[in-house]
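Architecture at a glance
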Amino acid sequence: YEDKMTGIFAEMHRVLSDDGIFTLMFTHKKTEAWDTLTKALINAGFSVKATHPVSTESQLSLHQAGKNAAESTILLTSEKRDTTEEQPTLWEDVKRETRQAAQARAKELDDQESEFAKVDMVLASFGPTLRVFTEHYPVVDEEGNEITPQVALDEARDSVTSYLNNKYLNTGIEDVD
């Protein structure tokens, strides 16, 4: 599956002008699916530049009722990546920026008082996370082992969850001794 996606994206890379961009629609809750998508984009020579969550599913839909299902589709915009001078970046240097990007996106959507479900806020944070990750690609640990996009996505999920917990669950108990 990943090889086929990479092939499709490689052909898009071939025909896209150097200053061109493309947007694809993707909706999946599992970080494994996002990891596969991102690896295919990276292997084809792309970097993620932006994502836009669009509410596409009715909250009253019978196939969604009572489930923690995504109600949004994510529009993911990518550009060709300059691969000529790529140098490995340490995960520890990227991790903080990843957490900040994810949390900033969640706060932005939360401040808009949009109708996005919390699971959609997590998914919307994946775009800024992948922007950071692909801008610093390749990302490695201290021993030189490659860090996968899933590690960054898990970090984003944790960061958004922490933000939501602090804002909605811990309100009013900060002063309890």
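Numbers given to residues run from 1 along each chain, matching the order in which its sequence is written. Local features are withheld for residues below a pLDDT of 70 in this predicted model, meaning they are given only at 70 or higher, and side-chain atom pairs are given and counted only at 80 or more; totals for whole chains, interfaces and linings count all residues. The side-chain values count all of the structure's non-hydrogen atoms but skip hydrogen atoms and water molecules.

Turning our eyes to something else, we now look at the overall build of the protein. What counts as a helix is a DSSP run of H or I of at least four residues, what counts as a strand is a run of E of at least two, and both are numbered from the N terminus. What the protein contains, in helices and strands, is 5 helices and 5 strands. The order of α-helices and β-strands along the protein, N terminus first, is α-β-α-β-β-β-α-α-β-α. Partly exposed describes any residue whose relative accessible area lies between the buried limit of under 20% and the exposed limit of over 50%, with all areas from a 1.4 Å probe on protein chains only and scaled to the type maximum. The buried share of the protein, reckoned over its 177 residues, is 45%. We call two residues contacting when some pair of their heavy atoms lies within 4.5 Å. Within the protein, contacts between residues separated by at least 24 positions form 77% of all contacts whose residues are at least 6 apart in sequence. In the structure as shown, the protein presents an accessible area of about 10000 Å², 49% of it carried by carbon and sulfur atoms. Computed with the Shrake-Rupley method and a 1.4 Å probe, the accessible areas treat only the protein chains shown as cover for residues.

A few words on the packing of helix H2 (residues 31-43) against helix H5 (residues 149-169). One can describe the packing of H2 onto H5 by two numbers: an axis separation of 8 Å at closest approach and a directional angle of 135 degrees. When the axes of H2 and H5 are compared, the pair comes out oblique. The element H2 and its partner H5 pack so that their crossing is right-handed. Where H2 abuts H5, its residues Thr31, Glu32, Trp34, Asp35, Thr38, Lys39 and Ile42 lie against Pro149, Gln150, Leu153, Asp154 and Arg157. Tallied by class, the residues present in the contact of H2 with H5 amount to 4 nonpolar, 3 polar and 5 charged. The axes used here are C-alpha line fits, helices contributing only the stretch in contact, and every angle between their N-to-C directions lies in the interval 0 to 180 degrees. Angles are sorted into four bins: roughly parallel if under 35 degrees, roughly antiparallel if over 145, roughly perpendicular if 65 to 115, and oblique for all others. Handedness of a helix crossing follows the sense of rotation of the near helix relative to the far helix, less than a right angle counterclockwise being left-handed and clockwise being right-handed. Basically, the charged four are Asp, Glu, Lys and Arg, the nonpolar ten are Ala, Val, Leu, Ile, Met, Phe, Trp, Tyr, Cys and Pro, and anything else, Gly included, counts as polar.

Let's shift gears to the sheet that holds strand E1 (residues 21-26). Here we have 3 strands laid out as an open sheet, ordered E1-E3-E2, and antiparallel in their pairing. Single-partner strands in this sheet number two, and they are E1 and strand E2 (46-55). The sheet shows a mean angle of 25 degrees between the axes of neighbouring strands, direction not considered. Relative to strand E3 (residues 72-80), E1 runs antiparallel, the two sharing 6 bridges. Within E3, the position partnered with Phe26 by the bridge is Ile74. Pairs of strands are assigned from DSSP output, requiring at least two bridges between the strands.

Take the nonpolar core next. One recurring pattern in soluble globular proteins is that nonpolar side chains are buried together. Definition of nonpolar core: a set of buried residues of the types Ala, Val, Leu, Ile, Met, Phe, Trp, Tyr and Cys, connected through side-chain atoms within 4.5 Å. By size, the foremost hydrophobic cluster in this structure holds 31 residues, and its most contacted members are Phe9, Leu24, Trp34, Leu37, Leu41 and Leu76. Counting residues per element, the ones that place at least two in this core are helix H1 (2-15), E1, H2, E2, E3, helix H3 (91-111), helix H4 (118-135) and H5. Grouped together as the second largest cluster of nonpolar side chains are 10 residues, Ala101, Phe133, Tyr137 and Ile147 included.

This part covers H4. In this model H4 runs 27 Å from its N-terminal to its C-terminal C-alpha over 18 residues, within 8% of the 26 Å that 1.5 Å per residue would give. Of all 18 residues that make up H4, 15 are buried, and the element is covered over most of its length. Given the number of residues in a helix, its expected span is that number minus one, multiplied by 1.5 Å.

So, about the pattern of salt bridges. Between Lys or Arg on one side and Asp or Glu on the other, a salt bridge is scored when a side-chain nitrogen of the former is within 4 Å of a carboxyl oxygen of the latter. The full count for this structure, using the stated rule, is 11 salt bridges. A single salt-bridge network, built from bridges that share partners, covers Lys49, Arg131 and Glu135.

Across the 9 residues that make up E3, a large majority, 7, are buried. Two strands pair when backbone bridges link them, and E2 and E3 are joined in this way by 9 bridges, in the antiparallel orientation. When the sheet's bridge partners are listed, Phe46 is paired in E3 with Lys80.

For the rest of this paragraph, the subject is the environment of Met5. When you line up the elements, Met5 lands in helix H1. Accessibility expressed as a relative area gives 10% for Met5, which makes it buried. With 34 residues separating them along the chain, Met5 and Lys39 place their C-alpha atoms 9.3 Å apart. In this view, Met5 contacts Thr36, Leu37 and Ala40; residues no more than four positions away in its chain are not counted.

A few words now on the environment of Ala50. Assignment of secondary structure puts Ala50 in strand E2. Here Ala50 falls in the partly exposed class, since its relative accessible area comes to 25%. For the pair formed by Ala50 and Ile74, sequence separation is 24 residues and the distance between their alpha carbons is 10.0 Å.

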